[in-house]
Amino acid sequence: MADIKIKPLGDRVLIEAVEAVEETMGGILIPDSAKEKPQEARVVALGTGKVDEDGKKIEFEVKVGDIVLTSKYGGTEVKVDGKEYKLVSASDILAIVG
């Protein structure tokens, strides 16, 4: 992964959408503006981690490079060096793909 100028804090995870080219059965390409928001993303950076009531650090269930499914409308969109990312809470990650 390239050097990212954003370091998530706490249980936040920085993700980058994984875009799939979508084509209908008739061969018509669907423009980005007509598509739903992607729910599949690649983990780019992890935060510092969550701490439980006893002060113990809770490990992340994902790692950098994992492809994950996220909740459709969760997170905060950010743009760095022309690339779009999303900061999500670890609880907004629903599953690891593959």
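Residues numbered from 1 in each chain as written. Predicted model: local features only at pLDDT ≥ 70, side-chain atom pairs only at ≥ 80, totals over all residues. Heavy atoms only, no water.

(A) Structural detail: the pattern of salt bridges. The tally for this structure, following the rule as stated, stands at four salt bridges. Between Lys83 and Glu16 there is a salt bridge, with its nearest N and O atoms 3.0 Å apart. Of this pair, Lys83 sits in strand β7 (residues 83-89) while Glu16 sits in strand β1 (residues 12-17), and the two are 67 residues apart along the sequence. Accessibility expressed as a relative area gives 18% for Glu16, which makes it buried. (Salt bridge = Lys/Arg side-chain N within 4 Å of Asp/Glu carboxyl O. Helix = DSSP H or I, 4+ residues; strand = E, 2+ residues; numbered from the N terminus. Buried < 20%, exposed > 50% of the residue type's maximum accessible area, 1.4 Å probe, protein only.)

(B) Structural view of the sheet that holds strand β5 (residues 67-70). Pairing in this open sheet of six strands is antiparallel, and the strands run β6-β7-β1-β2-β5-β8 from one edge to the other. If you trace the sheet from one side to the other, it starts and ends with β6 (76-80) and β8 (93-96), each paired once. The average angle at which neighbouring strand axes cross in this sheet is 45 degrees, direction not considered. The sheet contact formed by β5 and β8 spans three bridges and is antiparallel. Across the sheet, Thr70 pairs through a bridge with Ile93, a residue of β8. (Pairing = 2+ DSSP bridges. Axes fitted to C-alpha atoms, helices over the stretch in contact; angles between N-to-C directions.)

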